[in-house]
Amino acid sequence: MAVAPIQTERLTLRPLAESDIDDVWQYQQLDEVLLYIPWPKRDFDEAAAHTRKRAGLHTLDTDNSAIFLACELDGRVIGDVMLRVSSVETAELEIGWVFHPDVQGRGYATEAAAAMQRLAFDGIGAHRLIAQLDPRNTASARLCARLGLAHEGTLREAYYEKDADGNGEWSDSGLYGMTAHDWRALEDTPAPHTP
Ligand SMILES: CC(C)(COP(=O)(O)OP(=O)(O)OC[C@H]1O[C@@H](n2cnc3c(N)ncnc32)[C@H](O)[C@@H]1OP(=O)(O)O)[C@@H](O)C(=O)NCCC(=O)NCCS
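Residues numbered from 1 in each chain as written. Predicted model: local features only at pLDDT ≥ 70, side-chain atom pairs only at ≥ 80, totals over all residues. Heavy atoms only, no water.

Q: Run through the site of the ligand, naming residues and quoting values.
A: Surveying the vicinity of the ligand reveals 20 residues, the closest of which are Trp97, Phe99, Gly105, Thr110 and Arg142. Here Thr110 contributes a side-chain N or O atom positioned 2.4 Å from an oxygen atom of the ligand. Taking Asn137, its side chain carries an N or O atom lying 2.9 Å from an oxygen atom of the ligand. Compared with its free state, where it exposes 950 Å², the ligand has 71% of that area covered by protein. At the level of elements, strand S5 (92-99), helix H4 (108-123), strand S6 (128-133) and helix H5 (138-147) are the ones that each hand at least two residues to the shell around the ligand. In terms of residue count, the dominant contributor to the shell around the ligand is H5 (four residues). (Near = heavy atom within 4 Å. Polar contact = N/O pair within 3.5 Å; in protein donor to acceptor, adjacent residues only side chain to side chain. Areas by Shrake-Rupley, 256 points an atom, 1.4 Å probe, with all protein chains shown as cover. Helix = DSSP H or I, 4+ residues; strand = E, 2+ residues; numbered from the N terminus.)

Q: Any details on the layout of surface pockets? Residues and values, ideally.
A: Of the volumes computed, that of the second largest pocket is approximately 500 Å³. As for the second largest pocket, its lining consists of 19 residues, of which Leu34, Trp39, Glu161, Lys162 and Asp163 are closest to the centre. Secondary-structure elements contributing two or more residues to the lining of the second largest pocket are helix H2 (31-34), strand S7 (150-162) and strand S8 (168-179). For the lining of the second largest pocket, the leading source of residues is S8, giving three residues. By residue class, the composition of the lining of the second largest pocket is eight nonpolar, three polar and eight charged. (1 Å grid on protein atoms, 1.4 Å probe; cavity = no way out; pocket = protein on both sides within 12 Å on 5 of 7 lines; lining within 4 Å. Points joined across faces, edges and corners; volume = space filled by probe spheres on them. Nonpolar A, V, L, I, M, F, W, Y, C, P; charged D, E, K, R; others polar.)

Q: Break down the UniProt feature "domain: N-acetyltransferase" (unreviewed entry) in the protein chain for me, with residues and values.
A: Under the UniProt annotation, "domain: N-acetyltransferase" (unreviewed entry) lies at residues 11-167. Split by type, residues 11-167 is 32% helix and 32% strand. Its first and last C-alpha atoms lie 39 Å apart. (UniProt positions renumbered as here; feature names shortened; annotations may be inferred.)

Q: An account of the nonpolar core is requested, with residue identities and associated values reported.
A: The tendency in soluble globular proteins is for nonpolar side chains to be buried side by side. The biggest cluster of nonpolar side chains holds 39 residues, and the ones touching the most others in it are Leu13, Val81, Leu83, Ile95, Trp97, Phe99 and Leu149. Of all the secondary-structure elements, those providing two or more residues to this core are strand S3 (66-73), strand S4 (76-87), S5, H4, S6, H5, S8 and helix H6 (180-188). For this core, the element with the most residues is H4, which contributes nine residues. Not counting chain neighbours up to four residues away, the residues in contact with Val81 comprise Leu13, Ile67, Phe68, Leu69, Cys71, Gly96, Trp97, Phe99, Ala112, Ala113 and Met116. Ranked by size, the runner-up nonpolar core spans eleven residues in total, among them Leu16, Val24, Ile37 and Ala66. (Core = buried A, V, L, I, M, F, W, Y, C linked by side-chain atoms within 4.5 Å. Buried < 20%, exposed > 50% of the residue type's maximum accessible area, 1.4 Å probe, protein only. Contact = heavy atoms within 4.5 Å.)

Dropping the structure here:
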């Protein structure tokens, strides 16, 4: 499937492109951004190759296939959001997000993730939408709560992460999820009254 650009209230979401390498590098190089993502610390050339690879992914047709949308604010890519197929057979998709720290705390990640959530359920027909995150990543956990993804459990010591010196530690993985049934119930719930 080809994903057409999505216009949210403040952002344009469109497929990540090779021309986004410099903008993505601005946040991908930051230690605070990498803190809870199981990514290695990349130099510019490695990060560029990583963005180029993600920019070349456009279909959700096999297990582990993924799409990445750049989130543009006034012409600048401030973050990116992902949908990945966990299982074609059970129509389970995983959602993910990364944003530049200098735009955090203003609801942009929630706005972009909510658009991806709608794409997953209404556009693609997902049966389940999940997010996996390090339980210490409280900002991501709050984002899941805002989307209505429930904490379904924690896989203990699910990842082994090595630093540049080869020293590593085990990390837990919090599992958050929402079913298509939950989504329809949320859609049917009237929005809270705002005076
Ligand atoms: C995870 C991450 C995207 C969350 O960013 P964020 O800025 O907290 O999320 P949002 O942009 O949705 O902003 C929400 C915050 O802004 C506030 N806010 C302000 N205006 C808002 C608005 N118009 N709409 C919604 N929230 C708004 C919210 O109250 C919320 O604050 P709180 O979390 O203190 O309650 C960000 O921390 C990040 O990119 N981290 C590094 C990468 C990473 O860890 N990715 C996830 C791997 S699982």
